[in-house]
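Given next are the chains, with one letter for each unit.
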Amino acid sequence: MSMRWKPLVVLGIGAVALLLGGCVGRWRTHAPQALFALRPAEGVAPLTVTCDATLSYDEDGTIVEYVWDFGDGARGLGPIVSHTYQTGGTYRIRLEVFDDQGLSDQIETQIQVEFPPPVAQFSYAPWRPGTGEFIRFDASSSSSPNGEIVEYRWSFGDGNWATGQVVEHRYWYGGGYPVTLTVIDEVGAKATVTQVIEVQGGPGCYTP
Amino acid sequence: MAYKALLLTLLLGGGAWGMTLQVNSGAQLTLGSFSQLNQFLALTNQLIQHVNQDPMVEGEVPPLEPLRLGVGFSVGELVGRGVALGGQATVLAWETDTQGAWNWQGDPYPVALGLRVELFTLEVQLAVEIVPGLLALGLAGGWGWASLSYQSSFSLPTDWEIPFLPPPGEAVYRASGGVGAVRARLSFPLGSGVALGLEVGARLAWFGRPTAGGTPLDLDGDGQGEGLDLTSLWLGASVNLALEL
């Protein structure tokens, strides 16, 4: 081989070596890839969810640590964990994985936990009212696990309505009237209950 | 720029009487790394495997093969003797896909996902005969145009929440940039200026993040996106024709 071609040969071999290094990527270190599944994806509080991070993987190593942040102040460790959300709200769940080379990756998602509904209940008196007689409706037995009930709505079944925890109403015709109470608590959760009131005397005006 | 260089080479080559014109065409089997795209495919495969293993889910979706092997075609010409200059054009393609369906609570959840990467290059090439008529080394540089065709229809059983899902829809992402290659070609003369060639080479082709309608490629949705790295090795077989000018 002529001496004048040697530099070109050396240059070519060097270029091939560099390209091979770039192609194969053998000397690169890959970070792990965080991924998890969450079940159930939604529900009513208290909601227990199971988080499975075994979907995470590491191309050139082993994942040695799984760190969870459930978004409500609680944290967890391990590939599969469970957590209970006591109250409704939107929470951010974040997973961070670390491999045996100290590299990490993280991924997060949001979960919507619904507030439990309040309990709507009411009583009324007298038990068998007559036409023109005031009936007292009392919703003070209603309650909510989310806090205070902030609104009571009444529909008396004769086209009239009212608001308030305790209300009075009278009917001018006998018959059955569906009285509906809707309560709304401080987080906006609603509940409804209906009772049929039998009013004595006079012609019936309610047709179910 | 690449066009001009190629045209100049061809004109100069054609006018250089007393030289040898070599024309070659051949097929290539190419091996790419596609590190970032394959990371997306691995993530998708993790998801597929997870659902496949769910005892509540019927059916199976085959995992995606990583993007590695591709095929291509190359044509080129060289003018000169000992040291030759010319041009070449190459078309390469890689692809992977999967399709299937899961059934959960009586409802079908079809899956179809495919990726196809294509590369077209125009390069000026320089070849040096190490062993005349038998072994030559070549260097090439020029411009490449790459495209990534992506299509996905991916629905999961609905009581799952998984922060990653292959984005649905179809898109063609494009990018272009400089490319370079080195190769070694072994020729087996058949007579009358015709030879069979066997070549190995490596191509450097990094295009950064391709875009589709201004939207950068980000299949895994991590905000960092994926680059299109078509750096690859190839093994080729060619037919070479040498003409005395």
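Residues numbered from 1 in each chain as written. Chains lettered and ligands numbered in written order. Predicted model: local features only at pLDDT ≥ 70, side-chain atom pairs only at ≥ 80, totals over all residues.

Please provide a residue-by-residue account of the overall build of chain A, values included.
Tallying secondary structure elements over chain A gives 1 helix and 15 strands in all. Burial analysis of chain A (208 residues in total) assigns 25% to the buried set. Partitioning the contacts of chain A with sequence separation of at least 6, the portion at a separation of at least 24 is 63%. (Helix = DSSP H or I, 4+ residues; strand = E, 2+ residues; numbered from the N terminus. Buried ≥ 20, exposed ≤ 12 C-beta atoms within 10 Å, placed from the backbone. Contact = placed C-beta atoms within 7 Å.)

How would you explain the overall build of chain B if you had to name every residue and give the values?
Counting secondary structure elements, chain B contains 2 helices and 10 strands. Principal-axis analysis of the C-alpha atoms places the extent of chain B at approximately 75 × 35 × 20 Å. For chain B, the residues scored as buried account for 39% of the 245 residues in total. Pairs at least 24 residues apart make up 68% of the contacts formed inside chain B by residues separated by at least 6 positions.

Could you give me a rundown of the sheet that holds strand E12 (residues 161-163) of chain A, with the residues and numbers involved?
All names here are of chain A. The 4 strands lie next to each other as E12-E11-E14-E15, forming an open sheet whose pairing is antiparallel. Here the strands that pair on one side only, and so sit at the sheet edges, are E12 and strand E15 (190-199). Going from strand to strand, the sheet's axes swing by 20° on average, the running direction of each strand aside. (Pairing = 2+ DSSP bridges. Axes fitted to C-alpha atoms, helices over the stretch in contact; angles between N-to-C directions.)

Any chance you could break down the confidence of the model for chain A for me, citing the residues and the numbers?
For residues with low pLDDT, the predicted coordinates do not support detailed interpretation. Looking at chain A, pLDDT values average 87 and 83% of them are 70 or higher. Scored below 50 in pLDDT, residues 204-208 of chain A makes 9 contacts in the model with residues more than four places away or belonging to other chains. (pLDDT = per-residue confidence, 0-100.)

So what's going on with the nonpolar core? Residues and values would help.
In a soluble, globular protein the nonpolar side chains are often hidden away together inside. The biggest cluster of nonpolar side chains holds 60 residues, and the ones touching the most others in it are Phe36(A), Leu95(A) and Val117(B). Ranked by residues supplied to this core, first place goes to helix H2 (residues 35-52) of chain B with 7 residues. Not counting residues up to four positions away in its chain, the partners in contact with Leu95(A) are Ala34(A), Phe36(A), Ala53(A), Tyr66(A), Trp68(A), Gln106(A) and Ile107(A). Membership of the second largest hydrophobic core comes to 14 residues, among which are Ala139(A), Tyr171(A), Tyr177(A) and Leu181(A). (Core = buried A, V, L, I, M, F, W, Y, C linked by C-beta atoms within 7 Å.)

So what's going on with the sheet that holds strand E6 (residues 80-85) of chain A? Residues and values would help.
Residues and elements named next belong to chain A. Strand order in the open sheet made by the 3 strands is E1-E3-E6, with antiparallel pairing throughout. In this open sheet, the two strands that pair with only one neighbour each are strand E1 (37-39) and E6. Strand-to-strand twist in this sheet, taken as the mean axis angle between neighbours without regard to direction, amounts to 20°. With 3 bridges connecting them, E1 and strand E3 (residues 47-52) associate as antiparallel partners. Opposite Leu-38, over in E3, you have Cys-51 as the bridge partner.

I'd like a description of the domain arrangement of chain A, backed by residues and values.
Segmenting chain A into domains produces domain 1 (37-114) and domain 2 (123-199). The C-alpha centroid of domain 2 of chain A is placed 45 Å from the C-alpha centroid of domain 1 of chain A. (Domains from an automatic or database assignment.)

Summarise the environment of Glu95(B); cite the residues concerned and give the values.
All names here are of chain B. Looking at the element boundaries, Glu-95 is found in strand E3 (residues 83-104). The exposure class assigned to Glu-95 is partly exposed, which follows from the 15 C-beta atoms found within 10 Å. Each C-alpha atom, one on Glu-95 and one on Val-239, is 26 Å from the other, the two residues being 144 residues apart in sequence.

Could you give an account of the environment of Ala146(B), naming the residues involved and the relevant values?
All names here are of chain B. You can see Ala-146 is positioned in strand E5 (residues 135-154). In this structure the C-alpha to C-alpha distance between Ala-146 and Val-83, which are 63 residues apart in sequence, comes to 30 Å. Setting aside its immediate chain neighbours within four residues, Ala-146 contacts Val-117, Glu-118, Leu-119, Ala-175, Ser-176, Phe-207, Pro-210, Leu-228 and Leu-230.

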